[in-house]
Amino acid sequence: MRIVSRGRGEEGRERMSLVPENVDDLWHLSYVLEPGDLVSGDTTRRIQRADDQMRDTGGEREHLHVTIEVEDVEFARFANRLRVGGIIASCSREDQLGLHHTLNVEERSEITIEKHFKKDQKDRLEEAEQATENPDVAIATVEEGAAYIHTVQQYGTKEYGSFTRPTGKGEYARPRSELFAELGSALSHLDVDAVILAGPGFTKQDARDYIEENYPDVAEKMTVVDTSGVGDRGVHEVLKRGAVDEVQTQTRISKEAELIDELMENIAQGAKAAYGVEQVAEAAEFGAVETLLVLDERLRDERQGQGDWSVDANEIIESVEQKGGEVTVFSAEFAPGEQLKNLGGIAAVLRYRMQ
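- As recorded in an unreviewed UniProt entry, the protein goes by Protein pelota homolog and comes from Halogranum gelatinilyticum.
- UniProt lists a comment for the protein under the heading Cofactor (unreviewed entry), and it reads "a divalent metal cation".

Structure, rendered in structure tokens:
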């Protein structure tokens with residue numbers, strides 16, 4: 001994310017012009033924009049002609065600069081765009097005012113947002129700006145007969161590929177080198193700055209030796225880490241151990257993995273934990289919250305009046321911050337976010353045990 005400028009808008013709103021530089025940035029914006037916000041940008045719109053001499057062609061598309069009062073927001077990840085729908089509040093053509101329009105926000109297209117930013121929303125955009133400088137990372141996990149590749153993104157990790165090649169003895173067994181070759185070839189086609197190779201036992205080191213000999217450019221980017229599992233479980237271990245932090249100075253998901261493990265351990269011990277909106281709200285009121293964990297999609301729903309919490313989400317966040325606690329907004333796209341969702345979408349690591 002590149003923040004171009006900041007200023008003041010009308011009615012006490014803050015104004016921020018920014019350029020999303022990748023799909024992660026579009027995803028962040030989908031959790032920052034809310035109904036009633038103003039979003040300005042360049043677009044095209046089909047304009048109906050009123051000229052009686054022109055044959056009706058259903059309208060021609062014109063390039064316009066519009067400001068939309070937001071009604072709905074949709075993150076279309078696979079189309080690499082953010083769809084912002086609403087009513088045209090201002091436009092380079094006055095005859096379009098008050099009509100409905102969808103602004104397609106894409107990578108490297110500048111937009112201007114006017115809104116009453118909440119602290120966690122500004123924090124999210126500033127973290128996205130810092131994360132632009134982070135190197136891209138792939139995590140490869142390997143064991144006998146199987147290998148997996150995940151890419152690390154700000155909204156979570158995404159499986160890029162999985163490979164199986166029966167090794168050892170038996171009718172269908174094949175040389176281990178076939179599995180290593182498939183893994184090395186896939187990694188060589190990924191445009192990343194760093195590769196973390198992980199897994200149990202000695203298989204990963206053998207894979208490392210094969211890749212070093214046959215794919216030296218990949219081996220130069222590679223760090224080897226011990227884990228007890230592969231696939232999603234192995235990735236979680238890599239994140240928990242902070243291996244990604246060594247190559248990415250700003251990564252939200254490793255922090256989420258560490259926090260959810262701390263929370264679950266506290267819950268198992270029956271101490272210093274609260275979950276569910278009512279428990280968390282009570283803990284916040286007493287100043288007992290050390291770290292608030294809240295799921296981004298639940299927070300968005302609550303703020304838009306589509307949730308079912310009995311307590312205002314913004315009041316809980318403000319109470320925690322006023323009493324010196326930290327707030328971490330979890331991504332629903334990543335495994336720790338799924339765990340938090342199962343706890344009601346909100347939980348807290350406490351300073352002391354609540355009776």
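## Here we look at the sheet that holds strand β14 (residues 289-295)
Next, step 1: Pairing in this open sheet of 4 strands is mixed, and the strands run β13-β16-β14-β15 from one edge to the other. Sheet topology places β13 (273-275) and β15 (326-330) at the edges, where each strand pairs with a single neighbour. Mean inter-strand twist for the sheet, computed between neighbouring axes without regard to direction, equals 15°.
Next, step 2: The pairing of β14 with β15 spans 5 bridges and is classified as parallel. Residue T291 lies in a different strand from β15, and its bridge partner there is E326.

## Overview of the side chain of E62
Next, step 1: Tracing the chain through its elements places E62 in strand β4 (residues 60-76).
Next, step 2: Among the residues examined, E62 registers a relative accessible area of 18% and is labelled buried.
Next, step 3: Polar contacts involving the side chain of E62 include one to the side chain of R93, which spans 3.3 Å.

## Some words on the packing of aromatic side chains
Next, step 1: Tallied over the entire structure, the rule returns 2 aromatic pairs.
Next, step 2: The ring centre of W27 lies 4.6 Å from the NZ or CZ of R124, which sits over that ring.

## Considering the domain arrangement of the protein
Next, step 1: Annotation of the protein at the domain level lists domain 1 (2-132), domain 2 (137-241) and domain 3 (260-350).
Next, step 2: Just the C-alpha atoms count here: the centres of domain 2 and domain 3 sit 35 Å apart.
Next, step 3: Across the domain 2 to domain 3 interface the summed buried area is about 480 Å²; carbon plus sulfur atoms make up 60%.
Next, step 4: Taken together, the connections running from domain 2 to domain 3 amount to 1 salt bridge.
Next, step 5: The salt bridge involving D261 is made with K240; its shortest N-O contact spans 3.5 Å.
Next, step 6: Applying the counting criterion to the domain 2 and domain 3 interface returns 2 residue pairs in polar contact (both at pLDDT 80 or more).
Next, step 7: Examining the composition of the side of domain 2 that touches domain 3, we find that 3 residues originate from one element, helix α6 (residues 231-240), more than from any other.

## Section: the layout of surface pockets
Next, step 1: The volume enclosed by the second largest pocket comes to roughly 210 Å³.
Next, step 2: The wall of the second largest pocket is formed by 15 residues, among which A273, A274, Q279, L350 and M354 lie closest to the centre.
Next, step 3: Across the lining of the second largest pocket, the residue classes tally to 8 nonpolar, 4 polar and 3 charged.

## Structural notes on empty space enclosed by the protein
Next, step 1: Inspection of every chain in the model, using the stated rule, returns 1 cavity of 30 Å³ or more.
Next, step 2: Around the largest cavity, the lining residues are Y31, V32, E34, D120, Q121, R124, D296, L299, R300, R303 and V329.
Next, step 3: The biggest single contributor to the lining of the largest cavity is helix α9 (residues 296-303), with 4 residues.
Next, step 4: A breakdown of the residues in the lining of the largest cavity according to their chemical character gives 4 nonpolar, 1 polar and 6 charged.
Next, step 5: Residue-level mapping places the lining of the largest cavity at the junction of two domains, with at least three residues from each of domain 1 (2-132) and domain 3 (260-350).

Definitions and limits used
Residues numbered from 1 in each chain as written. Predicted model: local features only at pLDDT ≥ 70, side-chain atom pairs only at ≥ 80, totals over all residues. Heavy atoms only, no water. UniProt positions renumbered as here; feature names shortened; annotations may be inferred. Pairing = 2+ DSSP bridges. Helix = DSSP H or I, 4+ residues; strand = E, 2+ residues; numbered from the N terminus. Axes fitted to C-alpha atoms, helices over the stretch in contact; angles between N-to-C directions. Buried < 20%, exposed > 50% of the residue type's maximum accessible area, 1.4 Å probe, protein only. Polar contact = N/O pair within 3.5 Å; in protein donor to acceptor, adjacent residues only side chain to side chain. Phe/Tyr/Trp six-rings, centres within 6.5 Å; stacked < 30°, edge-to-face > 60°. Lys NZ or Arg CZ within 6 Å of the ring centre and 35° of its normal. Domains from an automatic or database assignment. Buried area = accessible area lost by both parts, 1.4 Å probe. Salt bridge = Lys/Arg side-chain N within 4 Å of Asp/Glu carboxyl O. 1 Å grid on protein atoms, 1.4 Å probe; cavity = no way out; pocket = protein on both sides within 12 Å on 5 of 7 lines; lining within 4 Å. Points joined across faces, edges and corners; volume = space filled by probe spheres on them. Nonpolar A, V, L, I, M, F, W, Y, C, P; charged D, E, K, R; others polar.

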